[in-house]
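# Summary of the model geometry
Single-letter residue listing:
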Amino acid sequence: MTKTIVGNWKMHGSLGLVETLVPAVASFAARTQSKSEIVICPPAPLLPAAARRIEGSFLSLGAQDVSAHAEGAYTGDVSASMLAEVGCRYVIVGHSERRAQYRELNETVKAKAEAAIAAGLIPIICVGEMLAQRESGMAIRWVSQQVKECAPSSGQFLLAYEPVWAIGSGKVPGVAEIGEMHAHILSLLPEAKVLYGGSVKAANAADILAVAGVSGLLVGGASLVVEEFCGIIGMTR
Ligand code: PEP
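Residues numbered from 1 in each chain as written. Predicted model: local features only at pLDDT ≥ 70, side-chain atom pairs only at ≥ 80, totals over all residues. Heavy atoms only, no water.

### Notes on the layout of surface pockets
Computed from the structure, the largest pocket encloses a volume of approximately 710 Å³. Every residue lining the largest pocket is counted, 27 residues in all, and those nearest its centre are Gln64, Asp65, Val66, Arg98 and Tyr102. The element best represented in the lining of the largest pocket is helix α4 (residues 96-101), accounting for 3 residues. Residue composition of the lining of the largest pocket, by class: 12 nonpolar, 8 polar and 7 charged. One number sums up the size of the second largest pocket: a volume of about 300 Å³. Along the wall of the second largest pocket there are 18 residues; nearest its centre are Ser96, Arg99, Met130, Gln146 and Val164. The residue makeup of the lining of the second largest pocket, split by class, is 7 nonpolar, 6 polar and 5 charged. (1 Å grid on protein atoms, 1.4 Å probe; cavity = no way out; pocket = protein on both sides within 12 Å on 5 of 7 lines; lining within 4 Å. Points joined across faces, edges and corners; volume = space filled by probe spheres on them. Helix = DSSP H or I, 4+ residues; strand = E, 2+ residues; numbered from the N terminus. Nonpolar A, V, L, I, M, F, W, Y, C, P; charged D, E, K, R; others polar.)

### Let's talk about the pattern of salt bridges
Under the defined criterion, the tally for this structure stands at 9 salt bridges. Its salt-bridge partner being aspartate 65, residue arginine 98 comes within 3.1 Å of it at the nearest N-O pair. Of this pair, arginine 98 sits in helix α4 while aspartate 65 sits in the loop between β3 (59-63) and α3 (80-85), and the two are 33 residues apart along the sequence. Residue class for arginine 98 comes out partly exposed when judged on its relative accessible area of 24%. A salt bridge links arginine 134 to glutamate 177; its shortest N-O distance comes to 3.6 Å. (Salt bridge = Lys/Arg side-chain N within 4 Å of Asp/Glu carboxyl O. Buried < 20%, exposed > 50% of the residue type's maximum accessible area, 1.4 Å probe, protein only.)

### A few points about unusual backbone geometry
Of note in the backbone geometry, lysine 10 takes a positive phi value of approximately 50° without being a glycine. If you trace the backbone, lysine 10 turns up in the loop between β1 (4-8) and α1 (15-31). The exposure class assigned to lysine 10 is buried, which follows from its relative accessible area of 18%. A positive phi angle is found at glutamine 33, which is not glycine, with a value near 50°.

### Some points on the packing of aromatic side chains
In total, this model carries 1 aromatic pair according to the counting rule given. Where tyrosine 161 meets tyrosine 196, the ring centres are 6.2 Å apart and the plane angle is 65°; that geometry is what we call edge-to-face. With a gap of 35 residues between them, tyrosine 161 in strand β6 (residues 158-161) and tyrosine 196 in strand β7 (residues 193-197) connect regions that are remote in the sequence. The buried category is assigned to tyrosine 196, whose relative accessible area is 0%. Above the plane of the ring of tyrosine 102 lies arginine 98, whose end atom (NZ or CZ) is 4.2 Å from the centre. (Phe/Tyr/Trp six-rings, centres within 6.5 Å; stacked < 30°, edge-to-face > 60°. Lys NZ or Arg CZ within 6 Å of the ring centre and 35° of its normal.)

### Observations concerning helix α5 (residues 106-118)
With 13 residues, α5 should cover 18 Å at 1.5 Å per step; its first-to-last C-alpha distance of 18 Å lies within 8% of that length. Residues of α5 that are buried make contact with α3, β4 (90-93), α4, β5 (122-127) and α7 (139-150). (Expected span 1.5 Å × (residues − 1). Contact = heavy atoms within 4.5 Å.)

### So, the site of the ligand
Residues in contact with the ligand amount to 14 residues; listed here are only the nearest, Lys10, His95, Glu162, Gly168 and Ser199. One of the side-chain N or O atoms of glutamate 162 is found 2.7 Å from an oxygen atom in the ligand. Within the backbone of glycine 220, an N or O atom sits 2.8 Å from an oxygen atom of the ligand. Here the shell around the ligand is built from residues that sort into 4 nonpolar, 8 polar and 2 charged. (Near = heavy atom within 4 Å. Polar contact = N/O pair within 3.5 Å; in protein donor to acceptor, adjacent residues only side chain to side chain.)

### Focus: the side chain of serine 199
In this fold, serine 199 is placed in the loop between β7 and α9 (202-209). The class of serine 199 is buried, set by a relative accessible area of 12%. At 3.4 Å, the side chain of serine 199 forms a polar contact with the backbone nitrogen of serine 169. Polar side-chain contacts of serine 199 include one of 2.7 Å to the backbone nitrogen of glycine 170. In this structure, serine 199 is in contact with Ala166, Ile167, Gly168, Ser169, Gly170, Lys171, Val172 and Asn204, ignoring residues within four places of it in sequence.

Interpretation in functional terms is not warranted from these geometric data alone.
Okay, here's the thing in structure tokens:
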């Protein structure tokens, strides 16, 4: 099955990074005949420049968030149709940073995913437990509830299992824990493609990609460094 490798730049980068990183990743993917789908998700103002750089390559473009509303008086928000118009194919929704910092609830995440689907985008719906939930044996129950409450009833979407305690921390669950959670998510949604995210680097990507039920990776920090991101993509051949 084709693996999907998504680079989430978060609020990092610049037009300069678009001009250097995007062509470097595109030419690496072409040179190595990568079979994976590679998605770059820069901050919203950089999307049009990234779209121009991606044109004619194997790369796809994604955004990091989207409004649940189609249009209206929502200052600062960006609609799904606007993202589609500038060339996005994907959009991340429900990232734990948005859940924690902007108090996004499962119902908001679901509404965003449905707005994305209605505009022809593929949402990448993030779920994952906090450290206290993992330590108290509640991880599976928590993630199950997120999956059930966030998944749209129809349309194409991806899920990304991202343990909150693994994001940006350098800590990664064991492959057995990753496998257990992916198997559980797939028991709820057997057709789903489920990515893993949380401190993925070139050095651990192969082991994680080899876990049953892992259909790809959502990469944060390492997606900003050409060698690291290409190293991760290189593991999917
Ligand atoms: C993320 O931002 O979704 C992420 C997984 O970050 P990092 O790879 O830096 O842990």
